[in-house]
Amino acid sequence: MLVLSRRTDEFLRIGDNILVRVLGVKGRVVRLGIDAPSDIPILRGELTTFDPTGACRQAGDAQEARAGRRARGPNGRRTGAA
């Protein structure tokens, strides 16, 4: 894992076509802007599950999504996803 320190308005580039910019820091919350091609999926960590083969898949049960229940993160809090 690469660990970097960035300030507001600084960015990092991943490959040739992904740009991650720090939009703001307020307390312990960091706002990031991600500029990537539309064919690259970008999912929040709490909405994916780790697969040791290196692939990620969407977490959650399709029935729950259809029922309109909000997803919950690893700490049990609601994530805001519908």
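## Describing the sheet that holds strand 1 (residues 11-14)
Logical step 1: Spatially, 1-2-3 is the arrangement adopted by the 3 strands of the open sheet, whose pairing is antiparallel. For this open sheet the edge positions go to strand 1 and strand 3 (29-35), each flanked by a neighbour on one side alone. With direction set aside, neighbouring strand axes in the sheet form an average angle of 25°.

## Description of the pattern of salt bridges
Logical step 1: Scanning the entire structure with this criterion turns up 2 salt bridges.
Logical step 2: One salt bridge connects R44 with E46, and the closest N-O pair in it is separated by 2.7 Å.
Logical step 3: Residue R44 is classed as partly exposed on the basis of its relative accessible area of 38%.

## Considerations on the pairing of strand 2 (residues 18-26)
The side chains of a regular strand alternate between the sheet's two faces.
Logical step 1: Sheet topology note: the strand 1/strand 2 ladder contains 4 bridges and is antiparallel. Bridge pairing in strand 2 links I14 to I18.
Logical step 2: Inspection of the sheet shows strand 2 paired to strand 3 by 7 bridges, in the antiparallel sense. Residue pairing across strands places V25 opposite V30, the latter belonging to strand 3.
Logical step 3: Where strand 2 hands over to strand 3, the hairpin turn is made up of 2 residues, of which G27 adopts a positive phi near 65°.

## What about unusual backbone geometry?
Logical step 1: With a phi angle near 75°, D9 is a residue other than glycine that sits in the positive phi range.
Logical step 2: Topologically, D9 is positioned in the segment before strand 1.

Parameters and conventions
- Residues numbered from 1 in each chain as written.
- Predicted model: local features only at pLDDT ≥ 70, side-chain atom pairs only at ≥ 80, totals over all residues.
- Heavy atoms only, no water.
- Pairing = 2+ DSSP bridges.
- Helix = DSSP H or I, 4+ residues; strand = E, 2+ residues; numbered from the N terminus.
- Axes fitted to C-alpha atoms, helices over the stretch in contact; angles between N-to-C directions.
- Salt bridge = Lys/Arg side-chain N within 4 Å of Asp/Glu carboxyl O.
- Buried < 20%, exposed > 50% of the residue type's maximum accessible area, 1.4 Å probe, protein only.

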